[in-house]
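# Close look at the chain arrangement
The chain contents come next:
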Amino acid sequence: MSVLSHSRRGPARVRYNIIIYALLILASIILGFPLIFALSLALQGPVPNPSLLPRDLTQLDWGVFLQVFEQQPQIIRWIFNSFVVASGVTLGVLFTSSLMAYALSYLKFPGKTLLLFFALGSLMVPFEATLIPNYLLVARLRWSDSFQGLILPFVASGFGVFLLRQYFLTLPRDLYDAALVDGCTRLRYLWSILLPLSRPALATLAVYTFLTTWNQFYWPLLVTNSTEWRTTQVGITVFRNFEFAVFNIQMAATLIVMLPTLLLLILGQRQLVSGLTAGALKG
Amino acid sequence: MRKLGLFVSAALSLVLVLVTFMAVPMVSMQNATPVPAPTLTSVPLVAQQAGEVEVTFWYGLGGLLGNVVIETVNMYNDSQDVYYVNPVFQSSYDDTINRINAGLASGELPDLAQVFEAGSQRMIDTGRIIPVQTFFDRDGLQSVIDDMEPAVRANYTINGILQSAPFNSSTAMLFIDRAAFVAAGLNPDQTLNTFDEIKEYARALTVRDASGNVTRHGIGLYPEGWFFEQIHAAHEVPMGTPDNGITGRMEQYTYNDSIGVEWLEFMKSMVDEGTAIYFGTGGGNAANAAFTNGETSMTFSSIAGLRTLIAGAERAGVGVEVGTVFMPRRPDTAGKTIVGGASLWITDAGSTEAQEGAWDFIKWALTPEVQAFWASNTGYYPVVQASYETEIMQAALVAYPQFQVAIDQIRLSEIAFANTAHISGTFVSMRQDVITAIDGYLTGAIPTAQEALDIAVATSNELLTEYNSTVSN
């Protein structure tokens with residue numbers, strides 16, 4: 001973009017910029033629409049017939065956000081739970097996947113191929129098939145209503161192993177040999193060289209894992225028995241109305257639980273993008 | 001440079017969004033103050049006192065109505081110090097029963113559960129419930145059962161005994177705009193109407209502009225299994241054998257019958273004439289909104305939504321006057337409709353004390369005063385008839401005469417197997433099959449109503465047979 005715009009001068013450049021910004025604005029409206037719509041519904045009061053956008057900006061019901069906390073003070077605890085669980089699972093997946101992918105891509109040992117197939121095979125088993133056995137195990141370990149019950153079943157991921165192994169294989173093996181010749185230990189190589197070089201793959205895996213865990217619904221519903229151990233996705237269903245549709249509190253609650261993830265994304269965006277593009281260029 | 005560009009684009013989009021907000025025409029400003037919906041706000045749980053026996057209560061009714069559940073439980077916990085009912089929301093009725101099924105193996109079960117009527121058979125099939133009839137018999141409280149609203153009592157009397165305690169019950173109504181009725185020269189007080197009359201009203205209520213485009217449709221429609229069941233009940237036609245599953249396990253669905261076909265054709269003919277607007281699957285919210293905004297003059301909905309619709313009509317400020325009439329039917333048919341909602345089930349999961357606690361809560365919840373509180377704050381029927389004698393209920397009926405029509409509707413005829421309940425283990429998916437059939441026919445994807453229902457009933461029966469083969473007894 002900078003190359004192109006430098007080659008233009010005067011009115012042509014202005015016109016070019018106008019078009020670019022018009023497109024950007026259009027894109028941001030499309031992307032932001034769900035949020036704007038949710039905000040619009042939240043602010044229109046407890047009515048069955050909200051309009052697309054508020055008809056009277058002086059009558060906006062900002063108190064609805066307060067109502068969410070009044071009605072369910074536990075929502076703060078739910079957000080905290082979700083954060084701990086999603087972060088725990090993400091760290092666990094990064095840890096286990098990088099270790100196993102390292103072994104599968106760099107080390108030679110008997111049964112390596114078999115192990116890889118096992119990891120891949122775990123991808124073919126749908127979550128629903130293991131749901132009940134997992135639940136029974138967790139229930140018998142008396143891990144209901146605990147972070148370990150919510151986190152541990154997800155800390156190993158066949159997808160993570162596969163993704164990282166494929167990425168590790170794209171890095172030149174000479175680097176590994178040279179490091180070992182220089183006296184670098186295998187673990188040190190993983191920590192100091194391989195993982196920093198694999199930032200884009202790790203970032204992708206981390207974001208993917210965090211979001212899927214954050215969005216989990218059925219597992220947290222199964223293994224939590226008390227209100228304070230719920231995660232956000234299970235918790236906010238308490239705001240959904242039955243028999244009639246009034247969306248304001250539901251939308252306000254949705255916005256509240258979205259805020260932490262949005263902030264994380266906005267604050268972490270630079271690193272994420274730079275990590276991704278750095279990898280793309282170095283190939 | 002790049003940073004500046006980013007900033008400018010962000011600022012510009014913000015401005016544009018604000019402008020969009022402003023540009024929306026500000027109609028009906030005078031009525032923009034939101035009318036409070038039927039609810040109590042802030043409901044923190046009261047804490048458990050030392051020495052109280054805990055009774056775990058799983059419930060599936062969320063939102064504003066869920067607040068009233070909590071408020072009711074709080075009242076109970078404050079009223080005595082032997083038991084403590086601990087309510088845990090389980091996301092929905094469906095998830096509540098799914099969790100109970102999962103809990104059968106792990107032993108994590110509640111002492112008391114609120115489950116919708118579509119889950120009654122599945123609750124019985126868990127083998128872990130204690131029919132409430134047992135407790136009523138033991139304590140000699142048959143008089144309470146006798147005083148229950150007959151339609152409600154019958155809905156939960158399966159295999160000859162009361163299985164669960166009715167808690168929240170509602171029925172479906174045809175909502176009408178009384179003002180539009182009067183303006184069109186129709187009588188809004190005629191509660192019993194035939195299919196043909198409703199079609200006639202829809203024609204009279206439809207407004208077209210000079211170029212012939214419809215500006216207001218007579219009626220707003222959407223596919224709903226519950227209404228389909230109501231129509232069967234009103235005509236005393238069973239949807240499955242034997243006896244709608246009330247006397248024994250349902251073996252076969254038979255709802256591809258003439259009344260089912262007539263109901264679908266009734267809706268389709270109005271859509272074809274242009275006097276009805278079809279909102280599609282999941283269009284209930286849109287249909288309700290269109291009704292309150294005066295874009296349609298009739299729609300089907302649950303009586304439990306009455307106050308929300310009134311509040312919505314007041315907010316829209318276009319003069320819609322919410323009224324209710326019975327579900328339409330064939331000529332000379334004055335059958336009652338069926339109730340929907342949920343009931344309270346006692347399980348054998350906990351200690352004897354916990355079971356007694358669950359029973360104590362039910363006994364308390366069925367007192368006329370508690371029922372009056374519950375009904376007047378939610379829009380559900382009081383479960384016991386003595387409740388109508390209370391001042392709160394009397395006041396509620398004066399304030400909402402539309403509710404009286406709903407009471408009349410479930411008392412229109414004697415209780416029969418064909419008009420009280422539909423009990424099967426695959427009820428939820430059967431409803432979905434009906435919705436698919438209605439939508440397929442109304443959108444023209446399936447040419448005839450008979451064909452649509454034939455497909456649906458075959459699908460329903462396949463799953464029903466499979467379910468029945470997985471349960472013992």
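Definitions and limits used
Residues numbered from 1 in each chain as written. Chains lettered and ligands numbered in written order. Predicted model: local features only at pLDDT ≥ 70, side-chain atom pairs only at ≥ 80, totals over all residues. Heavy atoms only, no water. Helix = DSSP H or I, 4+ residues; strand = E, 2+ residues; numbered from the N terminus. Rg over C-alpha atoms; globule rule 2.2 N^0.38 Å. Buried < 20%, exposed > 50% of the residue type's maximum accessible area, 1.4 Å probe, protein only. Contact = heavy atoms within 4.5 Å. Core = buried A, V, L, I, M, F, W, Y, C linked by side-chain atoms within 4.5 Å. Domains from an automatic or database assignment. Pairing = 2+ DSSP bridges. Right-handed = clockwise from strand over helix to strand, strands pointing away. Salt bridge = Lys/Arg side-chain N within 4 Å of Asp/Glu carboxyl O. Axes fitted to C-alpha atoms, helices over the stretch in contact; angles between N-to-C directions. Parallel < 35°, antiparallel > 145°, perpendicular 65-115°, else oblique. Left-handed = near helix turned anticlockwise from the far one by under 90°. Nonpolar A, V, L, I, M, F, W, Y, C, P; charged D, E, K, R; others polar. Buried area = accessible area lost by both parts, 1.4 Å probe. Phe/Tyr/Trp six-rings, centres within 6.5 Å; stacked < 30°, edge-to-face > 60°. Lys NZ or Arg CZ within 6 Å of the ring centre and 35° of its normal. pLDDT = per-residue confidence, 0-100. Patch = residues over 30% accessible without salt bridge, like charges linked within 9 Å, V, L, I, M, F, W, Y side chains within 5 Å. Areas by Shrake-Rupley, 256 points an atom, 1.4 Å probe, with all protein chains shown as cover. Arc of directions from axis to C-beta.

## Topic: the overall build of chain A
Check the secondary structure of chain A and you find 14 helices and zero strands. Counting from the amino terminus, chain A carries its helices and strands in the arrangement α-α-α-α-α-α-α-α-α-α-α-α-α-α. Computed over the C-alpha atoms, the radius of gyration of chain A is 24 Å, more than 25% above the 19 Å expected from 2.2 N^0.38 for a compact globule of 283 residues. With the C-alpha coordinates of chain A rotated into their principal frame, the extents come out at 70 × 70 × 30 Å. By residue count, 44% of the 283 residues in chain A fall in the buried class. Contacts in chain A between residues far apart in sequence, at least 24 positions, make up 72% of those at least 6 positions apart.

## Some words on the nonpolar core
Residues Ile219, Tyr255, Trp263 and Met298 of chain B are the most contacted members of the largest nonpolar core, which totals 162 residues. In terms of domain composition, this core takes at least three residues from each of domain 1 (2-62) and domain 2 (66-277) of chain A. Among residues more than four places away in sequence, those in contact with Tyr255 of chain B are Phe228, His232, Met239, Gly260, Met430, Asp433, Val434, Leu453, Ala456, Val457 and Ser460 of chain B.

## Quick look at the pairing of strand 2 (residues 83-89) of chain B
Residues and elements named next belong to chain B. Of all seven residues in strand 2, seven are buried, a share of seventy percent or more. The side-chain alternation of strand 2 yields two buried faces, one formed by Tyr83, Val85, Pro87 and Phe89 and the other by Tyr84, Asn86 and Val88. Summarising the sheet, strand 1 (residues 53-59) and strand 2 pair through seven bridges and their orientation is parallel. Bridging from a neighbouring strand, Glu54 pairs with Tyr84 of strand 2. Taken together, strand 1, helix 2 (residues 63-79) and strand 2 form a β-α-β motif whose crossover is right-handed.

## Some details on the side chain of Thr333 of chain B
All names here are of chain B. With respect to the helices and strands, the residue Thr333 is situated in the loop between strand 16 (322-325) and strand 17 (340-347). Residue Thr333 is classed as buried on the basis of its relative accessible area of 15%. Residue contacts for Thr333: discarding those within four places in its chain leaves Leu192, Ala234 and His235.

## Structural notes on the pairing of strand 1 of chain B
Summarising the sheet, strand 1 of chain B and strand 3 (residues 112-116) of chain B pair through two bridges and their orientation is parallel. Residue pairing across strands places Trp58 of chain B opposite Ala113 of chain B, the latter belonging to strand 3 of chain B.

## Description of the pattern of salt bridges
Residue and element names in this part refer to chain B. Taken as a whole and judged by the stated rule, the model has 15 salt bridges over all chains. With its nearest N and O atoms 2.6 Å apart, the salt bridge here joins Glu262 to Arg330. Here Arg330 lies in the loop between strand 16 and strand 17 and Glu262 lies in helix 11 (residues 258-273), a separation of 68 residues in the sequence. In the salt-bridge network here, residues are joined through shared partners; they are Arg138, Asp139, Glu356 and Lys363.

## Examining the packing of helix 15 (residues 368-378) of chain B against helix 16 (residues 391-399) of chain B
Residues and elements named next belong to chain B. For the pair helix 15 and helix 16, the least separation of the axes is 8 Å and the interaxial angle reads 25 degrees. One finds that helix 15 runs roughly parallel with respect to helix 16. Here the hand of the crossing between helix 15 and helix 16 comes out left-handed. In this structure, helix 15 uses Ala372, Phe373, Ala375 and Ser376 to contact helix 16, whose residues at the interface are Ile392, Met393 and Ala396. Here the residues of the contact of helix 15 with helix 16 sort into six nonpolar, one polar and no charged.

## So, the domain arrangement of chain A
Residues and elements named next belong to chain A. Taken domain by domain, chain A consists of domain 1 (2-62) and domain 2 (66-277). Of note, the centres of domain 1 and domain 2, computed from C-alpha atoms alone, are 32 Å apart. Contact with domain 1, which involves 11 residues of that partner, is made by 11 residues of domain 2. At the boundary of domain 1 with domain 2, total buried surface from both sides reaches about 800 Å², with 74% on carbon and sulfur atoms. Broken down residue by residue, the surface that domain 1 buries against domain 2 is led by Leu35, Leu41 and Ala42, which jointly contribute 47%. For the pair domain 1 and domain 2, the interface holds zero salt bridges.

## Points about the packing of aromatic side chains
For the coordinates displayed, the defined rule picks out 37 aromatic pairs over all chains. Three or more aromatic residues joined by ring pairs make a cluster, and in this case those are Phe195, Tyr222, Trp226, Phe227, Trp263, Phe266 and Phe300 of chain B. One residue, Arg77 of chain A, lies across the ring of Trp229 of chain A, its end atom 4.7 Å from the ring centre. Over the ring of Tyr441 of chain B we find Lys268 of chain B, and its NZ or CZ is 5.6 Å from the ring centre.

## A closer look at the packing of helix 10 (residues 186-197) of chain A against helix 11 (residues 199-214) of chain A
Residue and element names in this part refer to chain A. Across the interface, helix 10 lies against helix 11 with an axial gap of 5 Å and an inter-helix angle of 70 degrees. One way to sum up the angle between helix 10 and helix 11 is to call them roughly perpendicular. Here Leu195, Pro196 and Leu197 of helix 10 come into contact with helix 11, specifically with Arg199, Pro200 and Leu202. Classifying every residue of the contact of helix 10 with helix 11 gives five nonpolar, no polar and one charged.

## So, the confidence of the model for chain B
Residue and element names in this part refer to chain B. Taken residue by residue, chain B gives an average pLDDT of 90. The fraction at 70 or more is 90%. In this model, residues 15-42 is a region of pLDDT below 50 whose contacts with residues beyond four sequence positions or in other chains number 43 contacts. Across the predicted assembly, pTM comes out at 0.86 and ipTM at 0.80.

## Considerations on a nonpolar patch on the surface
All names here are of chain A. On the surface, a cluster of nonpolar side chains totalling about 420 Å² of accessible area is made up of Ile19, Leu23, Leu26 and Ile30. Of note, Ile30 is situated in helix 2 (residues 10-42). On the basis of relative accessible area, Ile30 is assigned to the exposed category, the value being 57%.

## Regarding helix 9 (residues 195-205) of chain B
Buried residues of helix 9 of chain B: Phe195, Ile198, Lys199, Tyr201, Ala202 and Leu205 of chain B, and no others. The arc enclosing the buried residues of helix 9 of chain B, seen along the axis, measures out at 160 degrees, which places them on a common side.

## Points about the confidence of the model for chain A
When the pLDDT values of chain A are averaged, the result is 88; 93% of them are 70 or greater. Mean pLDDT in chain A bottoms out at helix 1 (residues 2-6) of chain A, which sits at 49, and peaks at helix 7 (residues 147-151) of chain A, which reaches 96.

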